[in-house]
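# What the coordinates show
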Amino acid sequence: MKKTWWKVLCVVLLLYTIIRGLAGAVPHQPILNETIRNVYFHVPLWFGMMTLMTASMWFGIKYLRNGRIEDDEYSVEFANVAIFFGILGFMTGSLWGQFTWGDWLPKDPKIIAVEVGLLIYLSYFILRSSFEDEQRKARLSAIYNIFAFATFIPLVWILPRLTDSLHPGNGGNPAFGKYDMDNGMRMVFYPAVIGWTLLGVWISSLRIRLRIIERLQSEI
């Protein structure tokens, strides 16, 4: 993470995404109209969130295997930024829902599953705040992190597909890109996914460095 090329790439991709996303041409689909531009923000934020959640779980597993406190620090900060991205994705999705479905938070299986999933991950931080012993905190948090990830995946990505849902890609509805995005949009969407994900990693790396500095200072 010390190399800077990926940070430059992140900035370039996000600038490209914002400029093309707000000013570029998009297909005018019924109901969606100009709100289709939100696909460059809402969906990539969730891709970034899932990448960060996966990284958080991986470092939790590493901590359980070797007991290195650095792995716990990586795990918790990836989880922190993942939830931040999840909340941003939820907010942009709610805004989109108001314009397309006429409701900020419809009683939809996908929406409810996301709310429950985010609450499960928020409980991870409540659990961490309940212990003062660092090793015990890290060990129980790592175990809970694995449970939260294993619950989040079927809850948000599998179960809503088995019932009726307004959300694209669920309840028999076709996935969004299958009919709505043209090749011009894909030229913005894929860089957006990479750009937002890199931003999440960048923020996480900064938070990890600060956490390590704070720990080293407390040991002096």
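Residues numbered from 1 in each chain as written. Predicted model: local features only at pLDDT ≥ 70, side-chain atom pairs only at ≥ 80, totals over all residues. Heavy atoms only, no water.

As a further point, take the UniProt feature "transmembrane region" (unreviewed entry) in the protein. Following the UniProt record, one finds the feature "transmembrane region" (unreviewed entry) at residues 39–61, 81–99, 111–127, 139–159 and 188–208. Helix makes up 87% of residues 39–61 and strand makes up 0%, while its end C-alpha atoms are separated by 33 Å. Along residues 111–127 one finds 100% helix and 0% strand; the C-alpha atoms at either end are 25 Å apart. (UniProt positions renumbered as here; feature names shortened; annotations may be inferred. Helix = DSSP H or I, 4+ residues; strand = E, 2+ residues; numbered from the N terminus.)

Note on placement: Ser 204 falls in helix α7 (residues 183–219). Here the side chain of Ser 204 touches Gly 200 through a polar contact of 2.8 Å, landing on its backbone oxygen. Among residues more than four places away in sequence, those in contact with Ser 204 are Leu 52, Glu 77, Phe 78 and Val 81. (Polar contact = N/O pair within 3.5 Å; in protein donor to acceptor, adjacent residues only side chain to side chain. Contact = heavy atoms within 4.5 Å.)

For Asp 103, the position within the fold is in the loop between α3 (69–100) and α4 (109–128). Judged by its relative accessible area of 34%, Asp 103 falls in the partly exposed class. Asp 103 has contacts with Ser 94, Gly 97 and Gln 98, leaving out every residue within four places of it along the chain. Polar side-chain contacts of Asp 103 include one of 3.1 Å to the backbone nitrogen of Leu 105. (Buried < 20%, exposed > 50% of the residue type's maximum accessible area, 1.4 Å probe, protein only.)

As a further point, take the packing of α4 against helix α5 (residues 134–158). Running from N to C, α4 and α5 point in directions that differ by 180 degrees, and their axes come no closer than 9 Å. In this view, α4 runs roughly antiparallel relative to α5, as classed from their interaxial angle. Here the residues of the contact of α4 with α5 are counted per class, giving 18 nonpolar, five polar and three charged. (Axes fitted to C-alpha atoms, helices over the stretch in contact; angles between N-to-C directions. Parallel < 35°, antiparallel > 145°, perpendicular 65-115°, else oblique. Nonpolar A, V, L, I, M, F, W, Y, C, P; charged D, E, K, R; others polar.)

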